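As a plain string of letters, each chain reads:
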Amino acid sequence: MSIWWSLHLRREAASVPLARRLLLGTMETAGVDPDVSYDLSVALGEACANAVEHGGDATRGGSSEAYRVTAYLDGEKCRIEVADSGPGFARAHAPRRPRVDAEHGRGLFLIRELADHVHIGDKPGRGGTVVSFDKMLKWKKDPSLLTA
């Protein structure tokens, strides 16, 4: 089975749970194991939160800019990409483990822990950052899509 979708979302906090709910609903309908779905939804939430917080260009109006979320469920793998139009990812090295009590800096660390493969880089062309990650899927025994 192959499913993909793409959203263009405003850089507003309310867009983060919307993206997570769409991903969770898609994965539940496809019959993906709930634990895998949850891990990916947390990683997606962190990537979206980073795009909302850091993904705009203040010289072009900042908060009104959009970011893009694309999800691909193809065979045994789910790949998610979150692309923004911010200044780009300045640090080429992997983020250090954040302190337990830190209020910022945990997002990329969590994404790396929850996904199988992660790539963070600058978006070609007009600037911005692309966070992409994937995870191998596990399936429920009785997927909704197959019984509908």
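Residues numbered from 1 in each chain as written. Predicted model: local features only at pLDDT ≥ 70, side-chain atom pairs only at ≥ 80, totals over all residues. Heavy atoms only, no water.

Visitor: Can you tell me about the packing of helix α1 (residues 15-30) against helix α2 (residues 34-54), naming the residues and giving the values?
Guide: Where α1 contacts α2, the two axes come as close as 9 Å, and the packing angle between them is 155°. One way to sum up the angle between α1 and α2 is to call them roughly antiparallel. Crossing of α1 against α2: the hand is right-handed. Residue-level inspection shows Ser15, Val16, Ala19, Arg20, Leu23, Leu24 and Met27 of α1 in contact with α2, the latter providing Ser37, Tyr38, Leu40, Ser41, Val42, Leu44, Gly45, Cys48, Ala49 and Val52. (Axes fitted to C-alpha atoms, helices over the stretch in contact; angles between N-to-C directions. Helix = DSSP H or I, 4+ residues; strand = E, 2+ residues; numbered from the N terminus. Parallel < 35°, antiparallel > 145°, perpendicular 65-115°, else oblique. Left-handed = near helix turned anticlockwise from the far one by under 90°. Contact = heavy atoms within 4.5 Å.)

Visitor: Now, about the pairing of strand β3 (residues 77-83): what can you tell me, with residues and values included?
Guide: Strand residues, when the strand is regular, have side chains that alternate between the two faces of the sheet. Of all seven residues that make up β3, five are buried, and the element is covered over most of its length. Two elements, strand β2 (residues 66-74) and β3, share seven bridges in a ladder whose sense is antiparallel. Across the sheet, the residue bridging to Ala71 is Ile80, located in β3. Relative to strand β5 (residues 129-136), β3 runs antiparallel, the two being bridged by seven bridges. Residue pairing in the sheet places Cys78 in a bridge with Lys135 of β5. (Buried < 20%, exposed > 50% of the residue type's maximum accessible area, 1.4 Å probe, protein only. Pairing = 2+ DSSP bridges.)

Visitor: Run through the environment of Lys77, naming residues and quoting values.
Guide: For Lys77, the position within the fold is in strand β3. Expressed as a C-alpha distance, the spacing of Lys77 and Asp116, which sit 39 residues apart in the sequence, is 9.9 Å. Among all residues touching Lys77, those that are not within four sequence positions of it are Tyr72, Asp134, Lys135, Met136 and Leu137.

Visitor: If you had to explain the sheet that holds β3 to someone new, which residues and values would you point to?
Guide: Strand order in the open sheet formed by five strands is β1-β2-β3-β5-β4, and the pairing between neighbours is antiparallel. Two strands in the sheet have a free side with no partner beyond their single neighbour: β1 (2-10) and β4 (117-122). Strand-to-strand, the axes of this sheet are offset by a mean angle of 10°, without reference to chain direction. Bridge analysis of β4 against β5 gives six bridges, and the strand direction is antiparallel. Looking at the pairing, His117 lines up with Asp134 of β5. Its contacts with the sheet put α1 on β1, β2 and β3, and the angle it makes with β1 is roughly 170°. Relative to the sheet, helix α3 (residues 107-114) contacts β4 and β5, its axis offset from that of β4 by approximately 145°.

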